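Structure at a glance
So you can see what is in the structure, the chains are spelled out below.
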Amino acid sequence: MSKSGMLDLAAGVGGKIDKSDVLSAVDTYEKYHTCYGGEEQERKSNYTDMVNKYYDLVTSFYEFGWGESFHFAPRWKGESLKESITRHEHFLALQLELKPGHKVLDVGCGIGGPLREISRFSSTSITGLNNNEYQITRAKELNRIAEVDKTCSFVKADFMNMPFPDCTFDAAYAIEATCHAPDVYESYKEIYRVLKPGQCFAAYEWCMTDSYDPSNRDHQNIKAEIELGNGLPEIRFTRQCLEALEKAGFEVLWEKDLTMDSPVPWYLPLDTNHFSLSSFRLTALGRLITRNMIKTLEYIGLAPKGSQRVQGFLEKAAEGLVKGGRTEIFTPLYFFVARKPRST
């Protein structure tokens, strides 16, 4: 079961960062981004520090509002957000043709929500790779609660430099994770290295679409808001991901922006015009209540100073995501399945 209380949220802000240093960490994180005068190259050069600070700061907010699986999903009418997320994870397992006994790698596993669901669904052994100590600690706790700690494990490491021998895994996947890579080709090349020949890698990527106009100021602002609120060095185009896969040596079996087939907009849970009891914490009223509670808890010292700032840039990100979805210049659901050739 996921943490759900407001006090759990407040206590978790900052992750492994000392509570007295949270405000300073927020300052440092924000200054990496365009909205605060930061440069893309600086974000890429310091991606480990930037992404780690981001997830230390935001993980408890994510879990409070979204649950254990930090990702979007195509959604059918009449389907809840939770149901769509679970189906999305099952879809990925089926596309990879996972079978009992397979040894699988989850690249950038968060707190392990998808890992646990996919492992139970497919009867596979999954290794979660994550470079954030706080998230791994939380993931191990949730694995014990879910009783999958015997089949699923975690390794703290950078997915740009994995501590695994060549040809280790029967399958690999990344769910909205390799978007944090400073160089997508290098991240795909490393995944290619640890896969066994003939096996597949599947991913959901955050991308700008061909509708994005780099000279359009509104488009630039939307992109910057998403990068700030989601710990991204940059957001690349779908075609850049495809080119990087092929350059890394993969055979692309199929690829598609899955937002195009979603009857319910993927960004609906973040749309303040939408109200849902099942996703109440994400609604405008739910966010207002959370905002006021965080303000109160920070004032009385139960939440570290800087907690309101974290919620502020997450809300800014939500606005950017909704605008990016409505204008169709951004997708969090660029999906592909790629295979490492049998002869390499």
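Residues numbered from 1 in each chain as written. Predicted model: local features only at pLDDT ≥ 70, side-chain atom pairs only at ≥ 80, totals over all residues. Heavy atoms only, no water.

In a structure, side chains of opposite charge can pair up when their charged atoms sit close to one another. Under the criterion given, the structure shown has 24 salt bridges. Notably, a salt bridge pairs E141 with R138, separated by 3.1 Å at the nearest N-O pair. Separated by three residues within a single helix, E141 and R138 lie in helix 7 (residues 133–146), roughly one turn from each other. In this structure E141 comes out as partly exposed when scored by relative accessible area, which is 33%. By relative accessible area, which is 5% here, R138 ends up buried. Where E227 meets K223, a salt bridge forms, and the shortest distance between an N and an O atom there is 2.7 Å. Here E227 and its partner K223 are both found in helix 9 (residues 217–230), four residues apart, which amounts to about one turn of the helix. Judged by relative accessible area, which is 2%, E227 ranks as buried. Taken together, the shared-partner salt bridges in this structure form one network comprising D27, E30 and R309. (Salt bridge = Lys/Arg side-chain N within 4 Å of Asp/Glu carboxyl O. Helix = DSSP H or I, 4+ residues; strand = E, 2+ residues; numbered from the N terminus. Buried < 20%, exposed > 50% of the residue type's maximum accessible area, 1.4 Å probe, protein only.)

This part takes up empty space enclosed by the protein. Enumeration according to the criterion identifies two cavities of 30 Å³ or more in this entry. Here the largest cavity defines a volume of roughly 990 Å³. Residue lining of the largest cavity: 50 residues in total, with Y54, Y55, Y62, F70 and N230 positioned closest to the centre. Elements represented by at least two residues in the lining of the largest cavity include exactly helix 4 (47–66), strand 2 (125–130), helix 9, helix 11 (284–300) and helix 12 (307–326). Counting residues per element, the lining of the largest cavity draws most heavily on helix 4, at eleven residues. (1 Å grid on protein atoms, 1.4 Å probe; cavity = no way out; pocket = protein on both sides within 12 Å on 5 of 7 lines; lining within 4 Å. Points joined across faces, edges and corners; volume = space filled by probe spheres on them.)

Here the focus is the layout of surface pockets. Empty space among the atoms becomes apparent when a probe as large as a water molecule is rolled across them. A volume near 240 Å³ is recorded for the second largest pocket. Q95, L96, E97, G198 and C200 are the residues nearest the centre of the second largest pocket, which is lined by 15 residues in total. Put simply, the parts of the chain that give the lining of the second largest pocket at least two residues each are strand 4 (169–175), strand 5 (195–208), strand 6 (251–257) and strand 7 (330–339). Here the lining of the second largest pocket gets three residues from one element, more than from any other, and that element is strand 5. Among the residues forming the lining of the second largest pocket, the class breakdown is six nonpolar, four polar and five charged. (Nonpolar A, V, L, I, M, F, W, Y, C, P; charged D, E, K, R; others polar.)

Further remarks concern the pairing of strand 4. Of all seven residues in strand 4, seven are buried; the element is thus mostly enclosed. Relative to strand 4, strand 1 (residues 103–107) runs parallel, the two sharing three bridges. Bridge pairing links L105 to A172 in strand 4. Bridge count for strand 4 against strand 5 is six bridges, and the pairing is parallel. Within strand 5, the position partnered with I175 by the bridge is Y204. At this point the chain moves from strand 4, through helix 8 (residues 184–194), to the parallel strand 5, and the crossover so formed is right-handed. (Pairing = 2+ DSSP bridges. Right-handed = clockwise from strand over helix to strand, strands pointing away.)

For an α-helix, the turn length of 3.6 residues means that residues three or four places apart are oriented alike. If you check helix 4, its first and last C-alpha atoms are just 24 Å apart, much less than what 20 residues at 1.5 Å a residue would give, namely 28 Å. Bending of helix 4 peaks at approximately 50° at the position of V58. In terms of burial, helix 4 is largely enclosed, as 17 of its 20 residues are buried. The positive-phi residue at the C-terminal boundary of helix 4 is G67, with phi of around 105°. (Expected span 1.5 Å × (residues − 1). Bend = angle between axes of the 7 residues up to and from the residue.)

With 46 residues, the main nonpolar core has L96, Y173, W206, I226, L321 and F330 as its most contacted residues. When residues of this core are assigned to their parent elements, the largest contribution, five residues, is made by strand 5. Of all hydrophobic cores here, the second largest spans 31 residues; its members include Y185, I191, F201 and A248. (Core = buried A, V, L, I, M, F, W, Y, C linked by side-chain atoms within 4.5 Å.)

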